[in-house]
Amino acid sequence: NSIFAYNRYNGGTWRGGGSTLFAALAIHENDIEGAMLHTAESEIAHMAVAYHSWRSEVPGLMKWVRFYWMDFIEMLDIHKITDIDFAVLDGPEDADYTVRAVQAIEPLLKSGAPVIFHDAKTLKCAKIRPYMADHPKWGDGGDWLDTETGMARVWWDKPEVEWPVKIDEDATDANRDQ
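Presented here is a report on the structure given in the accompanying data block.

Analysis parameters
- In this numbering scheme, every chain counts its residues from 1 along its sequence in written order.
- It should be noted that, the model being predicted, local features are given only for residues of pLDDT at least 70 and side-chain atom pairs only at 80 or more, the latter also being counted only at that level, while totals for whole chains, interfaces and linings use all residues.
- Excluded from the side-chain calculations are hydrogens and water; all other atoms, namely the structure's heavy atoms, are used.
- Pairing between strands is defined by DSSP: at least two bridges between the two strands are required.
- Secondary structure follows DSSP: runs of H or I at least 4 residues long count as helices, runs of E at least 2 residues long count as strands, and numbering of each begins at the N terminus.
- Here, the term right-handed applies to a crossover whose path from the first strand over the helix to the second runs clockwise when the strands point away from the viewer.
- Residue burial is assigned from relative accessible area. The probe radius is 1.4 Å, only protein chains are included, and a residue is buried under 20% of its type maximum, exposed over 50%, and partly exposed in between.
- When a carboxyl oxygen of Asp or Glu is within 4 Å of a side-chain nitrogen of Lys or Arg, the pair counts as a salt bridge.
- Among buried residues, the Ala, Val, Leu, Ile, Met, Phe, Trp, Tyr and Cys ones that are joined through side-chain atoms within 4.5 Å form a nonpolar core.
- To estimate the expected span of a helix, count its residues, drop one, and scale the result by 1.5 Å.
- Throughout, the arc means that of the directions going from the helix axis to the C-beta atoms.

### Concerning the pairing of strand 4 (residues 65-68)
Step number 1: Pairing geometry for strand 3 (residues 36-40) and strand 4, over four bridges, is parallel. The partner of L37 across the bridge, within strand 4, is V65.
Step number 2: This β-α-β element, strand 3 to helix 2 (residues 44-57) to strand 4, shows right-handed connectivity.

Quick look at the structure:
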C-alpha cells in the first residue's frame, strides 16, 4: 500500500515499477514542495527488488520516496504519518485487510483527499463499496472504472470543488497494455 501526501502514501510497493514510480514521477515533475511518497511492502524479496531497481534505474527520484519493509498499517502507526493528501491502496488480495487499511488512514486523511484503489474488481476490494456506502464521509461513491481489474477513485469528505485531475479510462487501458 502506498500513501502519497505532502505526506503521500502508497500501499503495496511490490517491485516498485507501477503506481509507486508514477507517483514519484508526478511529484518530481510538478516539484511539489515538501512532498514525500511513503510506500510499504511486507515481502522482503519484493522490497529488495524495488529498492535496488530504484537505486540503479531512477536514483534522482529517491529523494521523493521512503521505502518501508513492513506492513502498511504498521507503517502508519510506527512512523506517525499524518496529514495524508492522496493515497493509493494496492495491497494483498484480502478484502478484510483492505477495509482495515482504509479504517487506518481515515483519521489521517485531509479533507477532500482522493484515495485510489488498484484492482478494484478483485477480491481485495470486495468489501470496500459496501463499507463506504455506510460511511457518511466517503463522498458520492467515487469513480469506478471498467478496466480489466478495475480502478477506483473516492474522496474522504469530498470537497465542493472537483479535484482537478480526471481519470481518462481510455488512457488507463492503453497504459496498462504497454
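### Quick notes on the pairing of strand 6 (residues 114-118)
Step number 1: Most of strand 6 sits inside the fold, with four of its five residues counted as buried.
Step number 2: Once you follow strand 5 (residues 86-89) into helix 4 (residues 95-105) and on to strand 6, the crossover reads as right-handed.

### A word on the pattern of salt bridges
Step number 1: Considering all chains together, one arrives at five salt bridges under this definition.
Step number 2: The salt bridge partner of K124 is E93, with a shortest N-O separation of 3.7 Å. Here the residue K124 occupies a position in the loop between strand 6 and helix 5 (128-133), and E93 occupies one in the loop between strand 5 and helix 4, the gap between them amounting to 31 residues.
Step number 3: One salt-bridge network, held together by shared partners, links D90, E93 and K124.

### Observations regarding the nonpolar core
Step number 1: Membership of the largest hydrophobic core comes to 28 residues, with the highest contact counts inside it found for F72, I105, V115, F117 and W138.
Step number 2: Broken down by element, this core gets its largest block of residues, five residues, from helix 4.
Step number 3: Counting residues in hydrophobic clusters, the runner-up holds 15 residues, among them I27, M47, M62 and W64.

### Focus on helix 1 (residues 19-30)
Step number 1: In a regular helix each residue adds 1.5 Å, so 12 residues correspond to 16 Å; helix 1 covers 16 Å between its end C-alpha atoms and thus fits that length.
Step number 2: Restricting attention to buried positions, one finds in helix 1 the residues T20, L21, A23, A24 and I27. Each buried residue of helix 1 lies within a common arc of 165° when the element is viewed along its axis, so the set occupies one face. Exposed residues lying more than 90 degrees from the buried face of helix 1 are F22, E29 and N30.

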